[in-house]
Amino acid sequence: MKIIVLGAGAWGSALAMSAAQHPVGHAVTLWARDAAQAGSMRAERQNPRYLPGIAFPTSLAVADGDLGVLLPGADLVIVATPMAALRSMLQALRGCTAPVAWLCKGFEAVPAGESESFGLLAHEVQALVAPELIAGVFSGPSFAQEVALGQPTALVAASAHAQVRDALVSAFHSPSVRVYANEDIVGVEVGGAVKNVLAIATGLCDGLALGLNARAALITRGLAEITRLGLALGARPDTFMGLSGLGDLVLTATGDLSRNRRVGMLLAEGKSLQQAVESLGHVAEGVYSARTVAQRAQLLGVDMPITRAVVALLDGQLTPPNAVALLMGREPASELI
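Residue numbers run consecutively from 1 along every chain, following the written order of its sequence. Where totals are concerned, whole chains, interfaces and linings use all residues; where local detail is concerned, this predicted model gives features only for residues with pLDDT of at least 70, and gives and counts side-chain atom pairs only at 80 or more. To get the side-chain values, all heavy atoms of the structure are used, and hydrogens and water are removed first.

Peer 1: Looking at this structure, I do not really get the environment of Leu86. What am I missing?
Peer 2: The helix and strand labels rest on DSSP assignments: H or I over at least four residues marks a helix, E over at least two residues marks a strand, and numbering proceeds from the N terminus. Here Leu86 is to be found in helix α4 (residues 86–92). In this structure, the C-alpha to C-alpha distance between Leu86 and Glu108, residues 22 residues apart in sequence, is 8.5 Å. Any two residues having at least one pair of non-hydrogen atoms within 4.5 Å are treated as being in contact. If sequence neighbours within four positions are ignored, Leu86 has contacts with Val79, Thr81, Trp102, Cys104 and Ala122.

Peer 1: I'm lost on the pairing of strand β2 (residues 27–31) in this one. Help?
Peer 2: Successive residues of a regular strand alternate their side chains across the two faces of the sheet. Whether a residue is buried, partly exposed or exposed follows from its accessible area with a 1.4 Å probe, protein chains only, as a fraction of its type maximum: under 20%, in between, or over 50%, in that order. Counting buried positions over the five residues of β2 gives four, a clear majority of the element. One bridge is not enough; two strands pair if DSSP finds at least two bridges between them. Where strand β1 (residues 2–6) lies against β2, five bridges are found, and the strand directions are parallel. Along β2, the bridge assignment pairs Ile3 with Val28. Throughout, right-handed denotes a crossover for which the path from the first strand over the helix to the second runs clockwise when the strands point away from the viewer. In this region the chain leaves β1, passes through helix α1 (residues 10–20) and returns to the parallel neighbour β2; the handedness of that crossover is right-handed. Alignment of β2 against strand β5 (residues 61–63), held across three bridges, turns out to be parallel. In the strand pairing of β5, Trp31 is matched with Ala63.

Peer 1: Would you take a moment to explain the sheet that holds β5 for this structure?
Peer 2: In sheet architecture, strand pairing relies on hydrogen bonds along the backbone and comes in two forms, parallel and antiparallel. Here we have eight strands laid out as an open sheet, ordered β5-β2-β1-β6-β7-β8-β9-β10, and mixed in their pairing. The open sheet has two edge strands, β5 and β10 (177–182), and neither has a second partner. Across the sheet, the mean angle from the axis of one strand to that of its neighbour is 25 degrees, orientation sign disregarded. Where helices are involved, their axes are fitted lines through C-alpha atoms of the stretch in contact, as for all axes, and angles between N-to-C directions lie from 0 to 180°. This element, helix α10 (residues 243–254), spans β8 (135–139), β9 (153–158) and β10 of the sheet and lies at about 140 degrees to β9.

Peer 1: So what exactly am I meant to see when it comes to unusual backbone geometry here?
Peer 2: With the exception of glycine, most residues fall at negative phi, and the peptide bonds are largely trans. Unlike most non-glycine residues, Arg45 shows phi in positive territory, near 55 degrees. Mapped onto the secondary structure, Arg45 falls in the loop between α2 (35–44) and β3 (46–47). By relative accessible area, which is 26% here, Arg45 ends up partly exposed. At Ala209, a residue that is not glycine, the phi angle is positive and equals roughly 55 degrees. With respect to the secondary-structure elements, Ala209 resides in the loop between α8 (185–207) and α9 (212–232).

Peer 1: In this structure, what is going on with the packing of α8 against α10? I would like to understand it.
Peer 2: How two helices pack is summed up by the angle between their axes together with the distance between the axes. Contact geometry for α8 and α10: axes closest at 8 Å, N-to-C directions at 30 degrees. The angle between the axes of α8 and α10 places the two elements in the roughly parallel class. In this structure, the crossing between α8 and α10 has a hand that is right-handed. Residue-level inspection shows Val188, Gly191, Gly192, Lys195, Asn196, Leu198, Ala199, Thr202 and Asp206 of α8 in contact with α10, the latter providing Ser244, Asp248, Leu249, Thr252 and Ala253. As a working rule, the residues Ala, Val, Leu, Ile, Met, Phe, Trp, Tyr, Cys and Pro are called nonpolar, Asp, Glu, Lys and Arg charged, and the rest polar, with Gly in that last group. For the contact of α8 with α10, a count of residues per class yields five nonpolar, six polar and three charged. Any angle that is under 35 degrees is reported as roughly parallel, and any over 145 degrees as roughly antiparallel; angles of 65 to 115 degrees are reported as roughly perpendicular and all others as oblique. Whether a crossing is left-handed or right-handed is set by the direction in which the near helix is turned from the far one by less than a right angle, anticlockwise for left-handed and clockwise for right-handed.

Peer 1: Could you clarify how one ought to interpret α10 in this entry?
Peer 2: Every buried residue of α10 is accounted for by Ser244, Gly245, Asp248, Leu249, Thr252 and Ala253. All buried residues of α10 project into a common sector of 115 degrees when viewed along the axis, lining one side. Its buried side turned inward, α10 meets β8, β9, α8, α9 and α11 (259–268). Here, the arc refers to the directions that run from the helix axis to the C-beta atoms.

Peer 1: I'm lost on the environment of Met17 in this one. Help?
Peer 2: Counting through the fold element by element, Met17 comes out in helix α1. Among the residues examined, Met17 registers a relative accessible area of 1% and is labelled buried. Distance in space between the C-alpha atoms of Met17 and Thr29 is 9.5 Å, their sequence separation being twelve residues. Here Met17 is in contact with Leu51, Ile54, Ala55, Phe56, Pro57, Leu60 and Ala148, once residues within four sequence places are set aside.

See below:
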């Protein structure tokens, strides 16, 4: 297969490396928007900014510049940009006949004064700006560093189109990566979007040394919030018990490599949000998507108290201890979703 990965962050680079080492011998190109970054990666045969010290496979090509030169003959195009850049990238891919899959997780942020065409899941953005694309999402519990090192990982290929699901399985299913197909793109995207917000809450819990009981409660009630929102958007309930729901939430909420969890821990230490984000060196999607998740939930009449508390914390309306007190002081309720 000829596979093009657009975006040379940690996750895009890791998946490009994984595909380039596939036993069948795919032809993989990793494209970087920044020509200087591309030049550095070609020279050093690694991604020194995001995955330092992990060597690229010899077969992995690195490119920059005009996408029109890369796309002809592609069998699969992977969009590995943050959510904020998805719209423009899909517009650039209009007319592409190869299957397209994005890696970004979140709801598109709502700019001040903009219309309701923002605050959308990725597949909703695609339906607006490039409806002709045959597309889907590639998601699941995965840290880029572990995938780049070839450690065992399981992922989900979700799309309404069998062509997309089959292309992702062919491209990435290997001795180190197991790929499951799923038609429920809504559920897979909701799980991937909301788990980042809940990981901030869990990081806060751990940073305040509230204990394992509190962590378990946050993860479990967080999964209930994900499920409520997903069902309101038309997802299947069983999706949230799978890799892109429970699996991704547990990984991001508890793993030491989780940037979103790290944000919560830094806030618990007394760092400002700006200090926390600057210390990461990478994008923590939960910081940027929390408010949009809460806005979408409010429009749908979905109760998401943990998400609301995270938004208030990020906005400086609550201190870390007050956020915990707010959640614990809620009125008794049924555990049913």
